[in-house]
Amino acid sequence: MYHRLRIQVIISTLFRSSTTMSARPFAPERQLALSAVRRACALTSSVFNKLVKNETLTKGDKSPVTVGDYAAQALISVMLKNSFPADPIVGEEDAAELRVEEGSVLRERIIALANEALVAPLVEGDKAEWGIGPGQEKTSDELLDAIDRGNHDGGRTGRMWTIDPIDGTKGFLRGEQYAVCVSLLVDAQVQLGIIGCPNLPVDASKPDGERGCIFVAVRGQGCQQIPLTGSTETALSMPAFTPSSLNFLESVEALHSSHSTTDTISSILGITRPPLRMDSQAKYGCLARGDGGLYLRMPTGVGYREKIWDHAPGAILVEEAGGIVTDSRGAPLDFGLGRTLGENFGVVAAGKEVHSAVLDAVQQATGTKAKA
Ligand SMILES: Nc1ncnc2c1ncn2[C@@H]1O[C@H](COP(=O)(O)O)[C@@H](OP(=O)(O)O)[C@H]1O
Ligand SMILES: [Mg+2]
Ligand SMILES: [Mg+2]
Ligand SMILES: [Mg+2]
């Protein structure tokens, strides 16, 4: 593992020195979004350490949202608006609950958290013109409006960002995996994806070692991992798996992905290793770096539509690391239909060597293809 990482660092360094960062497409967007994700990771980690019971709400769909989700969306949205004021945002959260009187205690806490993150000192790579650093506080109204800038409907054309300020909120509340996820779509194609995972071990073979990683990918520029506390970039590429060496990644929550269907798929493929269950799009980052060979998300019932912010950042990581991402019927994920993936059904992300075998197994398991 050490040698592999060293080789990757050398390749990554050569790659970076051969073309200057600023000359590469989406370099300003990458730099700004990396900074925003880093700040949001610091914010959410500090929230977790101080979170008290009444700082979590239950949304209309019964899912949880914390002060950390709102504050992180406000922070990222403010930073995006400063540099790219014309770009709309498709964000998971909205401020409606915070604008009612009963929301005021929660609201004040969220405003304080977002401002604390905005005024934190600049670190290497940060620029004062991004509207961050000492003295850059925003008013309560400005921050609520920043959260609501995430209300864009999505669509087929133009530039737009997605923000999932805490993906895997249930994992976050359990003290397990979660991720801060940002992507940039241009004409419904993901061009940039960034995922910050504060609780993820930097090296899967050292589960008790350093934690906190960022995964980043720009279309055509590969996928890199960066430690949350440093700037060394390691280029990632998915190792080749065969069905006998495969293990798969899936949600912890059986409501989000059917564990029984993945069990069946696993037996059809002859997989003997147990699944690696993990919350959030950290799964896509882990797939990109080879911690598992396959990410399966199988719907638990009809009616739920996957959200674009839950998959756009992760999908580009895997594609840029050499993998393939489709729905469970083999169709590409369509990020141009609005805030959801519409008719896409489940997700199958895997290396090139095994993706078609996995699709066959999925179709057998779900009865969409006659058994041989
Ligand atoms: N019934 C369902 N089926 C699939 N995904 C669901 C779901 N209900 C909620 N989700 C999504 O699952 C995401 C977490 O995925 P995972 O299980 O991989 O950790 C949630 O993101 P948030 O935590 O950002 O709300 C939420 O958007
Ligand atoms: Mg949520
Ligand atoms: Mg999410
Ligand atoms: Mg979320």
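Treat the numbers as computed from the prediction; the structure is a model and nothing was measured.

Chemist: Just to check I follow, could you spell out the coordination of the magnesium ion (ligand 3) for this structure?
Modeler: A four-donor tetrahedral metal ideally has 109.5 degree angles, and a six-donor octahedral metal ideally has angles of 90 or 180 degrees. Asp164 (OD), Asp167 (OD) and Asp310 (OD) make up the full set of protein donors to the magnesium ion (ligand 3), lying at 2.0 to 2.1 Å. For the magnesium ion (ligand 3), all donor residues lie on one chain, and their spacing in sequence is D-x2-D-x142-D. A separation of 5.2 Å is found between the magnesium ion (ligand 3) and the magnesium ion (ligand 2). Of this pair, Asp167 sits in strand 4 (residues 159-167) while Asp310 is found in the loop between strand 12 (294-297) and helix 10 (312-320), placing the two residues 143 residues apart along the sequence. Note on Asp310: relative accessible area 13%, which makes it buried.

Chemist: Help me out: how do you make sense of the packing of aromatic side chains in this one?
Modeler: In this description, a pair of aromatic rings is defined by centroid distance and the angle of the planes. For the structure shown, the criterion picks out four aromatic pairs. Seen from their ring centres, Phe172 and Tyr178 are 4.8 Å apart, and the 80° between their planes marks the pair as edge-to-face. Exposure class is identical for Phe172 and Tyr178. Each is buried. Joined through ring pairs, the aromatic side chains of Phe48, Phe172 and Tyr178 make up one cluster. Positioned over the ring face of Phe84 is Arg159, at 5.4 Å from the centre of the ring. Across the ring face of Phe345, the terminal group of Arg329 is positioned such that the distance to the ring centre comes to 4.3 Å.

Chemist: Help me understand the UniProt feature "binding site: Mg(2+)" (unreviewed entry) in the chain in this model?
Modeler: Residues annotated by UniProt as "binding site: Mg(2+)" (unreviewed entry) correspond here to Glu92, Asp164, Ile166, Asp167 and Asp310. Look at the named residues: they lie 219 residues apart in sequence, but the longest C-alpha span between them is just 10.1 Å, so in the fold they bunch up. If you trace the backbone, Glu92 turns up in the loop between strand 3 (89-91) and helix 4 (96-99). Judged by relative accessible area, Glu92 falls into the partly exposed class, the value being 22%. Beyond its immediate chain neighbours, meaning those up to four positions away, Glu92 contacts Lys59, Gln73, Ile163, Asp164, Pro165, Ile166, Trp309 and Arg339. Within the element layout of this structure, Asp164 appears in strand 4.

Chemist: Can you walk me through the site of ligand 1 in this structure?
Modeler: Near ligand 1 you find 16 residues, and of these Ser251, His256, Ser280, Lys283 and Asp310 are the closest. The side chain of Asp167 places a nitrogen or oxygen atom 3.2 Å from an oxygen atom of ligand 1. Measuring from an oxygen atom of ligand 1, one finds a backbone N or O atom of Thr169 at 2.9 Å. For ligand 1, the protein covers 88% of the area, taking 580 Å² as the surface of the free molecule. Ranked by the residues each element gives to the shell around ligand 1, the list is headed by strand 4, at three residues. Residue composition of the shell around ligand 1, grouped by class: three nonpolar, five polar and eight charged.

Chemist: What should I look at first to understand the domain arrangement of the chain in this one?
Modeler: It is common to give the size of an interface as the accessible area that goes away when the parts come together. According to the domain assignment, the chain contains domain 1 (29-152) and domain 2 (243-366). Between the C-alpha centres of domain 1 and domain 2 there is a distance of 29 Å.

Chemist: Help me understand the nonpolar core, please; the structure alone is not making it clear to me.
Modeler: Generally speaking, nonpolar side chains in soluble globular proteins are found buried as a group. Ile76, Met79, Leu98, Trp161, Leu192 and Ile194 are the most contacted members of the largest nonpolar core, which has 52 residues in total. Listing elements by their share of this core, those giving two or more residues are helix 2 (27-50), helix 3 (67-83), helix 5 (104-119), helix 6 (140-148), strand 4, strand 5 (179-186), strand 6 (189-201) and strand 7 (211-218). Take this core: its biggest share by element is 10 residues, from helix 3. Excluding its chain neighbours within four sequence positions, the residues that come into contact with Leu192 are Glu29, Arg30, Ala33, Trp161, Val182, Ser183, Leu184, Val216, Ala217, Val218 and Ile316. One finds Val90, Tyr284, Phe335 and Val347 within the second-largest nonpolar core, a separate group that totals 37 residues.

Chemist: Help me out: how do you make sense of the pattern of salt bridges in this one?
Modeler: Pairs can form between side chains of opposite charge once their charged atoms are near each other. All chains considered together, the criterion is met by 19 salt bridges. Across the pair Arg159 and Glu29 runs a salt bridge whose closest N-O atoms are separated by 2.9 Å. Linking Arg159 in strand 4 with Glu29 in helix 2, this pair joins segments that are 130 residues apart in sequence. Residue class for Arg159 comes out partly exposed when judged on its relative accessible area of 27%. Accessibility expressed as a relative area gives 8% for Glu29, which makes it buried. The shortest N-O distance in the salt bridge between Glu319 and Arg219 comes to 2.9 Å. Linking Glu319 in helix 10 with Arg219 in the loop between strand 7 and strand 8 (223-227), this pair joins segments that are 100 residues apart in sequence. Residue Arg219 is classed as partly exposed on the basis of its relative accessible area, which comes to 30%. Through salt bridges with shared partners, a single network forms among Arg174, Glu176, Glu253 and Asp279.

Reading the values: the criteria
Residues numbered from 1 in each chain as written. Chains lettered and ligands numbered in written order. Predicted model: local features only at pLDDT ≥ 70, side-chain atom pairs only at ≥ 80, totals over all residues. Heavy atoms only, no water. Donors = N, O, S within 2.8 Å, 3.2 Å for Na, K, Ca; no water. Helix = DSSP H or I, 4+ residues; strand = E, 2+ residues; numbered from the N terminus. Buried < 20%, exposed > 50% of the residue type's maximum accessible area, 1.4 Å probe, protein only. Phe/Tyr/Trp six-rings, centres within 6.5 Å; stacked < 30°, edge-to-face > 60°. Lys NZ or Arg CZ within 6 Å of the ring centre and 35° of its normal. UniProt positions renumbered as here; feature names shortened; annotations may be inferred. Contact = heavy atoms within 4.5 Å. Near = heavy atom within 4 Å. Polar contact = N/O pair within 3.5 Å; in protein donor to acceptor, adjacent residues only side chain to side chain. Areas by Shrake-Rupley, 256 points an atom, 1.4 Å probe, with all protein chains shown as cover. Nonpolar A, V, L, I, M, F, W, Y, C, P; charged D, E, K, R; others polar. Domains from an automatic or database assignment. Core = buried A, V, L, I, M, F, W, Y, C linked by side-chain atoms within 4.5 Å. Salt bridge = Lys/Arg side-chain N within 4 Å of Asp/Glu carboxyl O.

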